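# Structural overview for review
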Amino acid sequence: DEINRDKSIVIIGGMRGDSFSKLRNFYIYSEAQKKKDMEYLQGVVKHYRAQLGDGRLFLHGDPVGSAAWRTTEMQELRKTPCVKTLQIDLCMFSGGKNVLSKGPMRFLTNSIVIERELKKMTDCLHDHRGGGGGGGGSQREYPDDLAKIICRSIFKRKVSSTNGAKHIHGPL
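Residues numbered from 1 in each chain as written. Predicted model: local features only at pLDDT ≥ 70, side-chain atom pairs only at ≥ 80, totals over all residues. Heavy atoms only, no water.

## Digging into the packing of aromatic side chains
Here is the rule we go by: Classification of ring pairs rests on two measures: the distance between centres of Phe, Tyr or Trp rings, Trp counted by its six-membered ring, which must be within 6.5 Å, and the angle between planes, read as stacked under 30 degrees, edge-to-face over 60 and tilted in between. Runs of E in the DSSP output that reach at least two residues are strands. Runs of H or I that reach at least four are helices, and both are numbered from the N terminus. Note on classification: 1.4 Å probe, protein chains only; a residue is buried when its accessible area is under 20% of the maximum for its type, exposed when over 50%, partly exposed between these limits.
Per the counting criterion, the structure on display carries 1 aromatic pair. Note on Y48 and F58: the rings are 4.5 Å apart at their centroids and 20 degrees apart in plane angle, and the pair reads as stacked. Of this pair, Y48 sits in helix 2 (residues 31-53) while F58 sits in strand 2 (residues 57-63), and the two are 10 residues apart along the sequence. When its relative accessible area of 1% is taken as the criterion, Y48 is described as buried.

## A few points about unusual backbone geometry
The phi dihedral of C82 falls on the positive side, at around 80 degrees, and the residue is not glycine. Assignment of secondary structure puts C82 in the loop between helix 3 (72-78) and strand 3 (84-88).

## Concerning the sheet that holds strand 2
Rules: Only when DSSP finds a minimum of two bridges between them are two strands counted as paired. To get an axis, a line is fitted to the C-alpha atoms, and for a helix only the part in contact is used. The angle between two axes follows their N-to-C directions and goes from 0 to 180 degrees. Any two residues having at least one pair of non-hydrogen atoms within 4.5 Å are treated as being in contact.
Strand order in the open sheet made by the 4 strands is 1-2-4-3, with mixed pairing throughout. Of all the strands in the sheet, just strand 1 (10-13) and strand 3 have a single pairing partner and so form its edges. In this sheet, neighbouring strand axes are inclined to one another by 15 degrees on average, regardless of whether the strands run parallel or antiparallel. Sitting on the sheet, helix 2 is in contact with strand 1 and strand 2, with an inclination near 150 degrees to strand 2. Here helix 4 (residues 112-121) sits on the sheet and contacts strand 2, strand 3 and strand 4 (105-109); the angle it forms with strand 3, its principal contact strand, is near 25 degrees.

## Overview of the nonpolar core
To keep it simple, the criterion reads: Among the buried residues, those of types Ala, Val, Leu, Ile, Met, Phe, Trp, Tyr and Cys that are joined through side-chain atoms within 4.5 Å form a nonpolar core.
I88, L90, F107, L118, L146 and I150 are the most contacted members of the largest nonpolar core, which has 15 residues in total. Of all the elements in the fold, those that place two or more residues in this core are strand 2, strand 3, strand 4, helix 4 and helix 5 (144-162). When residues in this core are grouped by element, the largest group, 4 residues, is from helix 5. Setting aside chain neighbours within four positions, we find F107 in contact with L59, H60, G61, K84, T85, L86, I88, L90, Y142 and L146.

## A look at the pattern of salt bridges
Where we set the bar: Think of a salt bridge as a Lys or Arg side-chain nitrogen and an Asp or Glu carboxyl oxygen that are within 4 Å of each other.
Tallied over the full model, the rule gives 4 salt bridges. Of the charged contacts, one joins D54 and R56 as a salt bridge, the two residues approaching to 2.5 Å between their closest N and O atoms. Of the charged contacts in the structure, one is a salt bridge between R116 and E117, with a shortest N-O distance of 3.9 Å. We classify R116 as partly exposed; its relative accessible area is 41%.

Right under this line is the structure:
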């Protein structure tokens with residue numbers, strides 16, 4: 001398995017656009033597809049747990065309304081010590097471009113730095129009229145400003161690890 005072999009500092013994940021979507025109820029969705037989505041989710045959570053066990057990082061993002069959040073796997077992961085949940089509106093970072101989700105996104109991470117940097121950048125004062133929202137299509141890119149925050153956080157983690165910094169309350 002490539003993720004375990006490469007020992008990535010961080011893995012970033014989420015479900016496919018239509019997996020566990022509220023809109024899924026309007027489509028003819030086969031039992032085979034539901035099973036495939038559940039297996040994928042279980043695999044993602046397994047990778048996150050491996051990251052936790054090895055002192056490495058993960059970031060998972062999905063729309064707040066996704067049924068994935070109600071699964072046993074995600075509920076248990078959210079209850080894991082050192083795993084933080086935060087919610088942000090991607091339109092804050094959109095610069096008027098389409099974003100992954102029209103509604104708020106929920107993120108899980110075990111990185112104190114990612115959590116802190118995302119919280120610093122979120123506010124409740126931004127304009128919800130822009131940003132369009134991509135929703136369930138194949139688009140799975142974060143807005144540039146959000147991606148920059150995530151990359152800066154990973155860089156800070158890497159620098160502090162290289163400098164021999166000790167982490168008392170879990171991974172950065």
